[in-house]
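# Structural characterization, general
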Amino acid sequence: MSARILDGRTLSKEIRARLFERSLRIRNKGHAPGLAVILVGNDPASKVYVRNKSKACDECGVMSKVFLFPKTVSEHELIELIEELNASNEIDGILVQLPLPAHVNVRNIIGCISVSKDVDGFHLYNVGGLVVGGTIFPPCTPYGVQLLLETAKIEVSGKNVVIVGASNIVGKPMALMLLQKDATVSICHIKTNDLSLYTRLADILIVAAGKPGLITADMVKNDVVVIDVGINRMPDGSITGDVDFDNVKHKASWITPVPGGVGPMTVTMLIENTIRSAELRMSINNLEDTKLEQQNQVYGLSESLSQF
């Protein structure tokens, strides 16, 4: 018996239709939600991601501006642009496409983005908010994973969740978000001894390691829920995940495909955060009010889900 598919493409289409309605309401008040994307260099994967984000913006009624720089751009030039975008009334969200060249300090770049426009959720304030239970903008990929789980009514509370991959973009924030939902979370990484010892215990397995075929059928138990965040381009040009989908699907209860699972949700949650930023800026005049609002509520998806 094959696992049921957690279909990110279909769910994204449903969400984007509702995001368009929210965007239209903002436009009717005299403001077009705006996203600025900064792309440095000629990395092919980054170009594809940016193109997908621009397409999603068009679908959801969000104005997008892409700023292209050669890989020789200085850190100072990037910071100057971000400061201009921070002050711009046309821009509600700022995204710096990673990776950046080695001579650019990523922390400095992310740190100078206004918290109220950090729609990628990477600013220290937003990351810290995950620890204490409240954030303005949750990181897009973990946000999309959590929404996939909630939409499928997959219970998280009390479950053993194993995350393979300890990145600041997926692994760590995903763990914090699931802890808020009362999951018992283990994070594995490149130095974990006997990875399968952990993965076999997982009720929910989330894999974001960037290694094709890392998780095989003998590494999971029956009825596990498998979320494959990996996106790997093979020599023949095909895209595959970190999980041996064809074999693991026969043991799992739910599984995400690659492509078509987490990827579309990541882009959609970026648009959700951008529109939310526009909504907040239309109704809240300063960041302190935003902070107060967040401190007075327990972090969860209930507010965002009520808007979809």
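In what follows, the accompanying structure is described. (Residues numbered from 1 in each chain as written. Predicted model: local features only at pLDDT ≥ 70, side-chain atom pairs only at ≥ 80, totals over all residues. Heavy atoms only, no water.)

## What about the layout of surface pockets?
There is about 470 Å³ of room inside the second largest pocket. In this structure, the second largest pocket is lined by 14 residues; those nearest its centre are R107, F122, L124, V127 and N168. Mapped onto the lining of the second largest pocket, the elements with two or more residues apiece are α4 (106-111), α5 (124-132) and α7 (171-179). At four residues, the largest contribution of residues to the lining of the second largest pocket is made by α4. Grouping the constituent residues of the lining of the second largest pocket by class yields nine nonpolar, three polar and two charged. (1 Å grid on protein atoms, 1.4 Å probe; cavity = no way out; pocket = protein on both sides within 12 Å on 5 of 7 lines; lining within 4 Å. Points joined across faces, edges and corners; volume = space filled by probe spheres on them. Helix = DSSP H or I, 4+ residues; strand = E, 2+ residues; numbered from the N terminus. Nonpolar A, V, L, I, M, F, W, Y, C, P; charged D, E, K, R; others polar.)

## Things to note about the sheet that holds strand β2 (residues 34-40)
Taken in spatial order, the three strands make up an open sheet running β3-β2-β4, and their pairing is parallel. Edge positions in the sheet fall to β3 (63-69) and β4 (93-96), since each has one partner strand and no second. Recorded for the sheet is a direction-independent mean angle of 15° between the axes of neighbouring strands. As judged from the four bridges shared by β2 and β4, these two strands associate in the parallel manner. (Pairing = 2+ DSSP bridges. Axes fitted to C-alpha atoms, helices over the stretch in contact; angles between N-to-C directions.)

## Observations regarding helix α1 (residues 8-27)
Here α1 spans 27 Å end to end across 20 residues, near enough to the 28 Å set by a 1.5 Å rise per residue. Considered for burial, the residues of α1 that qualify are G8, L11, S12, I15, R16, L19, R22, S23 and I26. The arc that holds every buried residue of α1, seen down its axis, measures 130°, which confines them to one face. (Expected span 1.5 Å × (residues − 1). Buried < 20%, exposed > 50% of the residue type's maximum accessible area, 1.4 Å probe, protein only. Arc of directions from axis to C-beta.)

## Points about the environment of T274
Here T274 lies in helix α10 (residues 262-283). Its relative accessible area of 0% is what places T274 among the buried residues. Along the sequence, T274 and D92 sit 182 residues apart, while their C-alpha atoms lie 6.1 Å from each other. What T274 contacts, discounting residues up to four positions off in sequence, is G34, L35, V62, D92, G93 and V119. Within the structure, T274 has its side chain in polar contact with the backbone oxygen of L270 (distance 2.9 Å). (Contact = heavy atoms within 4.5 Å. Polar contact = N/O pair within 3.5 Å; in protein donor to acceptor, adjacent residues only side chain to side chain.)

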